[in-house]
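Fold and contact review
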Amino acid sequence: MRKLFKSGRIQKILSSALLMLIFCSVSAQNSGFVKGDENYTLTLAFHKVDTLWVVVPHNYEISDQEKRTIENYVFWDQYQKKPIYGYKKETELTSGDDSKHLQFYGPFCDFKIAEIQNIPIKQIPGGFRFNDEAFTHATDAFFYINDEANRLYTCQNSRQVFSQSTNYAAGYFQLYIFNGDDLYLSGKCSNKTGQSELNRITEMRKAYFKPVKTTYFDFELAKSLPSDSISQVISAEADVFLETLCATLHTDTSGLERMTTYVYKNMDDLQKFLSMSPQMTIYGKSIGRFNHLSSFDMSVFKHETAHTIIGRKIGVQLNSFFSEGFAVYTGYSFENNNYLKDLEATRTHLDLLKKETIIGENHRFYSLPPLYAISGTFTKFIIGKIGIEAFKNIYAQENMEAAFLGKGFPLENLITEFKDSLNGIKTAD
């Protein structure tokens, strides 16, 4: 969830005041889109317990990384206490667990308990079915909360880390179905009556977008935008940028699948197509090979594409500080003045740079706009000290703090060295 921050000029992406969304009223969505729940009523009700139990299939071994991904979903803990998470296999459930709040996680088709049939999504071999549609691809997944708000399903078809619930801040709607990194549909569907109201996202896109293709990219431009002039800019800059970006990262374009960038008329339309709350301020969002822009802005496109290439070529890092910092760092290769301005902002807000800020709750990063500049300049400092290849190796690790320590660079020492080094660095005029 990212919002644009202006420091000299528009160039950064950062989180919105997402934590406030549960207290704010929202205007109704335009016709054609189902209106979501601006209060996240079912989501908050499900998590309003002391202990929440995550249930996996009998044959599933959940990893520590998956547990962290599940527990990082909660983004409102400043307003509602975050529950304690416990983990059970379905064979460990007892009759006393019926009254508890259970989150079912893992390959949906592998569950054996009868209760799994009590929702509108049904099991089929190798996948799941909703209405008359079968979802059997390995990357198909869904998010669903029942009407009673005591059962949550974050299930997928394969044994992989499922993070789309977090990426999309799922919960604004009762139901989301994902095709890998892309959202297929969202809406409401009662487990009591079976009645549904759905946003069929893939169908809605056909009427909204006009395609533009380059060597590496598939752009989908809102038909209301001046597509001819935008196409000229895309043709002149997009592919060249990608090749330069790969050079900056000491990699190349080989093996990259085509990337899709959706360019919307405005932020309101972006939020609707992503099925996110209107209270979120999102100028750009990167989810796997899909990037979403609230309007056509090459600086935002470059930032989001950097996320995509880093994820594909180096690895996906769940730590927000370094995930954003690495993407911001790549931008310095294209406009050095950005670095000078970020350095000045870093010096002004240097008190924010501390270990707990870097490794703490991810949503805290997005609530502090200066951390974008700080993360970018600190990442640049580290790369200058240890080299791009060493940093890439550390970035690809699940626990970057431990990886830095293992390479002989304790995070606390790097922070101290960086702060000390600023005394000898000339800032922007």
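Here is a short report on the structure shown in this document. (Residues numbered from 1 in each chain as written. Predicted model: local features only at pLDDT ≥ 70, side-chain atom pairs only at ≥ 80, totals over all residues. Heavy atoms only, no water.)

**A look at the overall build of the protein chain**
- A tally of regular secondary structure across the protein chain gives 15 helices and 18 strands.
- Evaluated residue by residue, the protein chain yields a buried proportion of 54% over its 429 residues.
- Once local pairs closer than 6 in sequence are excluded, the contacts in the protein chain between residues at least 24 apart make up 65%.
- Surface exposure of the protein chain reaches about 17600 Å², of which carbon and sulfur atoms provide 49%. (Helix = DSSP H or I, 4+ residues; strand = E, 2+ residues; numbered from the N terminus. Buried < 20%, exposed > 50% of the residue type's maximum accessible area, 1.4 Å probe, protein only. Contact = heavy atoms within 4.5 Å. Areas by Shrake-Rupley, 256 points an atom, 1.4 Å probe, with all protein chains shown as cover.)

**Focus on the packing of helix H8 (residues 320–331) against helix H13 (residues 388–395)**
- The contact between H8 and H13 brings their axes to 12 Å, and the two run at 150 degrees. Classed by the angle they form, the pair H8 and H13 counts as roughly antiparallel. Crossing geometry of H8 relative to H13 is assigned as left-handed. Across the interface between the two elements, Phe322, Ser323, Phe326 and Tyr329 of H8 pack against Ile388, Phe391, Lys392 and Tyr395 of H13.
- When the residues that make up the contact of H8 with H13 are grouped by side-chain class, the tally is six nonpolar, one polar and one charged. (Axes fitted to C-alpha atoms, helices over the stretch in contact; angles between N-to-C directions. Parallel < 35°, antiparallel > 145°, perpendicular 65-115°, else oblique. Left-handed = near helix turned anticlockwise from the far one by under 90°. Nonpolar A, V, L, I, M, F, W, Y, C, P; charged D, E, K, R; others polar.)

**Regarding the sheet that holds strand S8 (residues 133–135)**
- Spatially, the three strands line up as an open sheet ordered S6-S7-S8, and their pairing is antiparallel. The sheet is open, and its two borders are formed by strand S6 (122–124) and S8, each paired with just one other strand. In this sheet, neighbouring strand axes are inclined to one another by 35 degrees on average, regardless of whether the strands run parallel or antiparallel.
- Examined bridge by bridge, strand S7 (residues 127–130) and S8 share three bridges and lie antiparallel to one another. When the sheet's bridge partners are listed, phenylalanine 128 is paired in S8 with phenylalanine 135. (Pairing = 2+ DSSP bridges.)

**Focus: the pairing of S7**
- Across three bridges, the pairing between S6 and S7 is antiparallel. Considered in S7, the bridge of glutamine 123 is made with phenylalanine 128.
- What sits between S6 and S7 in their antiparallel hairpin is a turn of two residues, with glycine 126 showing a positive phi close to 75 degrees.
- Here S7 folds back onto S8, and the loop between the two strands holds two residues, one of which, asparagine 131, carries a positive phi near 55 degrees.

**What about the sheet that holds strand S15 (residues 217–222)?**
- Read across the sheet, five strands follow the order S14-S15-S16-S18-S17 without closing on themselves; strand pairing throughout is mixed. Only two strands of the sheet have a single partner each, and these edge strands are strand S14 (209–213) and strand S17 (284–287). Here the strands of the sheet are splayed against their neighbours by 15 degrees on average, with no regard to which way each runs.
- Relative to strand S16 (residues 259–263), S15 runs parallel, the two sharing five bridges.

**Brief notes about helix H15 (residues 411–421)**
- Within the sequence span of H15, burial applies to Leu411, Leu414, Ile415 and Phe418. Angularly, the buried residues of H15 cover 100 degrees about the axis, an arc narrow enough to put them on a single face. (Arc of directions from axis to C-beta.)

**Structural notes on the nonpolar core**
- Residues Phe322, Phe326, Phe378, Phe391 and Phe404 are the most contacted members of the largest nonpolar core, which totals 104 residues.
- The greatest single-element share of this core, amounting to eight residues, is contributed by helix H12 (residues 370–386).
- Phenylalanine 322 has contacts with Ile358, Phe378, Thr379, Ile382, Phe391, Tyr395, Met400, Phe404 and Leu411, leaving out every residue within four places of it along the chain.
- Grouped together as the second largest cluster of nonpolar side chains are 21 residues, Phe111, Ile116, Phe135 and Leu185 included. (Core = buried A, V, L, I, M, F, W, Y, C linked by side-chain atoms within 4.5 Å.)

**Brief notes about the environment of proline 57**
- Looking at the element boundaries, proline 57 is found in the loop between strand S3 (51–56) and helix H2 (64–71).
- Along the primary structure proline 57 and phenylalanine 108 are separated by 51 residues, whereas in three dimensions their C-alpha atoms are 8.0 Å apart.
- Apart from residues no more than four positions distant in its own chain, proline 57 is found in contact with Lys89, Glu90, Tyr105, Gly106, Pro107, Asp110 and Phe111.

**So, the packing of aromatic side chains**
- The tally for this structure, following the rule as stated, stands at 51 aromatic pairs.
- Look at tyrosine 172 and phenylalanine 173: their rings are 5.0 Å apart centre to centre, the planes differ by 75 degrees, and that puts the pair in the edge-to-face class.
- Here phenylalanine 378 and phenylalanine 381 contribute two aromatic rings whose centre-to-centre distance is 6.4 Å and whose plane-to-plane angle is 10 degrees, an arrangement assigned as stacked. You can see phenylalanine 378 and its partner phenylalanine 381 sitting in helix H12, three residues apart, about one turn around the helix. (Phe/Tyr/Trp six-rings, centres within 6.5 Å; stacked < 30°, edge-to-face > 60°.)

**So, unusual backbone geometry**
- A positive phi is found at asparagine 131, a non-glycine position, where the angle reads about 55 degrees.
- Following the sequence through the fold, asparagine 131 ends up in the loop between S7 and S8.
- At alanine 169, a residue that is not glycine, the phi angle is positive and equals roughly 50 degrees.
- Tracing the chain through its elements places alanine 169 in the loop between helix H3 (164–167) and strand S11 (175–179).
- With a relative accessible area of 1%, alanine 169 lands in the buried category.

**Quick word on the side chain of serine 165**
- Within the secondary structure, serine 165 sits in helix H3.
- Not counting the four nearest positions on each side in its chain, serine 165 is found in contact with Tyr73, Phe143, Thr154 and Ala170.

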